[in-house]
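Notes for the structure review
Listed below are the residues making up each chain.
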Amino acid sequence: MKMQLTKCFKVSYFWLILGGVWYPRSLENTRMLYAVNIYRVFGTIFINVGMLAIQFIYFFTVVGKDLDKTVDATALFTFVGYLYKAITVIKNRRRINKLLDIIDNETDKDDLLRNMAVNINFISYFYNGWACLTAIMWNLIPFTKATLTLPFYYPDLPPSSQWFVIWYIYQATILIINGVAQTSADHLFGGLMAFAATQLKLLQYKLEAIGTKTDSTMEIDEAINSTVQKHVSFAKTKNNPPFEYKRKRNQVDKNKTTIGNKIYYEKEVVEQQFLSKRCDLFNIYPYNASVARAEKELTANPMIRTQLPNKAQREQEDYEETISCVEYHLKIIWFVEELTDIFGGAAFGQFVLAAPLICLSMFIIMTSSDVTEIVTRILYFGCLSGQLFIYCFCGNLIKTQSDLVATAAYNSHWTSTSVRTQKALHLLVIRGQKTISVVAGNLFELSLVTFGALLKSSYSFFAVLRKQHDE
């Protein structure tokens, strides 16, 4: 049974289904799909459009009249961003499912992918739980006011009205659903980027292993040659009487003191020439026999016998592995490009809205005297920062890992591979030098540099707003 890596998105699936944005593939081509589509239409109208209508009316009622109430209407921007994400997910559901299938159908489910799935699953519980807590705290803010109001302050109904409870339950419910569904969409996008980065890391390990089989072949060949030389040396001394006699005579002669060194040297040369001619005949059989004994000795070892390679076969295996890595690299490039095409616009909209939202959240935190509101805005600030950080951190992972692909190909044992394998690696190195990245709106890359620049811009807006408030 195949391991489903995308089960790490199960919490996000649940909230997206609850928000009417997603539905399980098990319901496709079933009668239940009609009921699901009816619920999706209902959810889009009453959860997304209904909340936006309330916020638009309230925003244009207080804008320019009351700065504090205008700041309180910042939830409008949050739901505008979510509506764009919801439309993106609904429109591209089949394409997203295709990306999820690619992850689940990955044949080489390395520990890297499994560990990433575990981390993504943990983040889904933490991040969506944080968003749910923020929404609940937001619903409690009206109880801290002098006069009880609705969570989004519109319509302006007195607490004694019979419609007040109905409106309060409606706004509190859709606030929780919309808030957590929005973070679920962010988690889905960030999780897919994290899997892409992990696949790039797995590709690096595969590339670094290329050529190791051929290297093991060379080591075994060296072991055979070393053993052969040992047997040949033994044959020369033990099987050839002239060499054995010469060795013993040299030990005796070198211990004697001779006056005529020159005579001794000339005699040594003559004897050496005579013995070398004679030993050529003696060496023919002993050498061949030594080679045979060396090969027999090595192949008798089960470990060496199983590893004793065919060099051509090993080179073919290295070539096939290299081609597999090239295809895997191209598949990852397509995966990231598909992510950019699907979520790039939604990410751009999130970044455009994030700066004023973070700015206004900091402003309320610094100016409010209500503890519940301060805590809620801190949680809300954490959700906004988390959205941007997930995008930028995962996008930065893709960038850094893609830059290491060319290095991993060069660090492989390419010197021991065939020429065609080296050419394939060369092409991969050339393509690997081009950075893979997720681009938001075809304007800027998702990276930690972008995250820092956005926080800097938000603080600049906050400083201007704080100065205007003090005046």
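Values in this document were obtained by computation on a predicted structure and should not be read as measured data. (Residues numbered from 1 in each chain as written. Predicted model: local features only at pLDDT ≥ 70, side-chain atom pairs only at ≥ 80, totals over all residues. Heavy atoms only, no water.)

Now for the nonpolar core. In this structure, Ile96, Phe189, Leu192, Met193, Phe195, Leu207 and Ile398 are the most contacted members of the largest nonpolar core, which totals 88 residues. Per-element tally for this core: the top contributor is helix 12 (residues 311-367), with 20 residues. In contact with Met193, not counting residues within four places along its chain, are Leu339, Ile390, Tyr391, Cys394, Gly395, Ile398, Val438 and Leu446. Counting 5 residues, the second-largest nonpolar core is a separate cluster that includes Val11, Trp15, Ala131 and Cys383. (Core = buried A, V, L, I, M, F, W, Y, C linked by side-chain atoms within 4.5 Å. Buried < 20%, exposed > 50% of the residue type's maximum accessible area, 1.4 Å probe, protein only. Helix = DSSP H or I, 4+ residues; strand = E, 2+ residues; numbered from the N terminus. Contact = heavy atoms within 4.5 Å.)

To continue, consider the confidence of the model for the protein chain. When pLDDT is averaged along the protein chain, the result is 77; 74% of the residues meet or exceed 70. Helix 1 (residues 10-18) holds the highest mean pLDDT among the elements of the protein chain, 90, whereas helix 10 (residues 261-299) holds the lowest, 47. Across residues 255-285, confidence stays below pLDDT 50; counting only partners more than four residues off in sequence or on other chains, it has 18 contacts. (pLDDT = per-residue confidence, 0-100.)

Now for helix 5 (residues 93-104). Compared with an ideal rise of 1.5 Å per residue, which puts 12 residues at 16 Å, helix 5 spans 16 Å between its outermost C-alpha atoms and is within 8% of the ideal. Looking only at helix 5, the buried set comprises Arg93, Ile96, Asn97, Leu99, Leu100, Ile102, Ile103 and Asp104. (Expected span 1.5 Å × (residues − 1).)

Peptide bonds are, in most cases, trans, and in most cases residues other than glycine have a negative phi. Positive phi outside glycine occurs at Asn442, with the angle close to 55 degrees. Looking at the secondary structure, you find Asn442 in the loop between strand 1 (439-440) and strand 2 (444-445).

What follows is about a nonpolar patch on the surface. A cluster of nonpolar side chains, contributed by Tyr39, Val41, Phe42, Ile45 and Phe46, occupies part of the molecular surface with about 460 Å² of accessible area. If you trace the backbone, Tyr39 turns up in helix 2 (residues 32-62). You can call Tyr39 partly exposed: its relative accessible area is 32%. (Patch = residues over 30% accessible without salt bridge, like charges linked within 9 Å, V, L, I, M, F, W, Y side chains within 5 Å. Areas by Shrake-Rupley, 256 points an atom, 1.4 Å probe, with all protein chains shown as cover. Salt bridge = Lys/Arg side-chain N within 4 Å of Asp/Glu carboxyl O.)

Where helix 7 (residues 164-208) meets helix 13 (residues 371-403), the closest approach of the two axes is 9 Å, and the angle between their N-to-C directions is 15 degrees. One way to sum up the angle between helix 7 and helix 13 is to call them roughly parallel. Classified by chirality, the crossing of helix 13 by helix 7 is left-handed. Here Gln182, Asp186, Phe189, Gly190, Met193, Ala194, Ala196, Ala197, Leu200, Lys201 and Gln204 of helix 7 lie close against helix 13, whose contacting residues are Gln387, Ile390, Tyr391, Cys394, Gly395, Leu397, Ile398, Gln401 and Ser402. Its residues placed into classes, the contact of helix 7 with helix 13 shows 11 nonpolar, 7 polar and 2 charged. (Axes fitted to C-alpha atoms, helices over the stretch in contact; angles between N-to-C directions. Parallel < 35°, antiparallel > 145°, perpendicular 65-115°, else oblique. Left-handed = near helix turned anticlockwise from the far one by under 90°. Nonpolar A, V, L, I, M, F, W, Y, C, P; charged D, E, K, R; others polar.)

Here we come to the side chain of Ser12. Relative to the helices and strands, Ser12 resides in helix 1. We classify Ser12 as buried; its relative accessible area is 0%. Setting aside residues no more than four positions away along its own chain, Ser12 makes contact with Ser124, Asn128, Ser184 and His187.

Time to look at the packing of aromatic side chains. Enumeration according to the criterion identifies 19 aromatic pairs in this entry. Judged by centre distance (6.3 Å) and plane angle (50 degrees), the rings of Phe9 and Tyr13 are tilted. A relative accessible area of 19% places Tyr13 in the buried class. Pairing Phe348 with Phe444 gives two aromatic rings, centres 6.1 Å apart and planes at 40 degrees, and the pair type is tilted. A residue pair is termed long-range when its members are at least 10 positions apart, and Phe348 in helix 12 and Phe444 in strand 2 qualify at 96 residues. Given the relative accessible area of 27%, Phe348 is considered partly exposed. Judged by relative accessible area, which is 24%, Phe444 ranks as partly exposed. Members of the aromatic cluster, connected to one another through ring pairs, are Phe189, Phe343, Phe348, Phe351, Tyr391 and Phe444. (Phe/Tyr/Trp six-rings, centres within 6.5 Å; stacked < 30°, edge-to-face > 60°.)

Okay, the pattern of salt bridges next. A side chain with one charge can pair with a side chain of the opposite charge if their charged atoms come near. Inspection of every chain in the model, using the stated rule, returns 6 salt bridges. Of the charged contacts, one joins Arg25 and Asp101 as a salt bridge, the two residues approaching to 2.7 Å between their closest N and O atoms. Pair noted here: Arg25 is in the loop between helix 1 and helix 2 and Asp101 is in helix 5, with a separation of 76 residues, a long-range link. On the accessibility criterion, Arg25 (35% relative accessible area) is partly exposed. On the basis of relative accessible area, Asp101 is assigned to the partly exposed category, the value being 28%.

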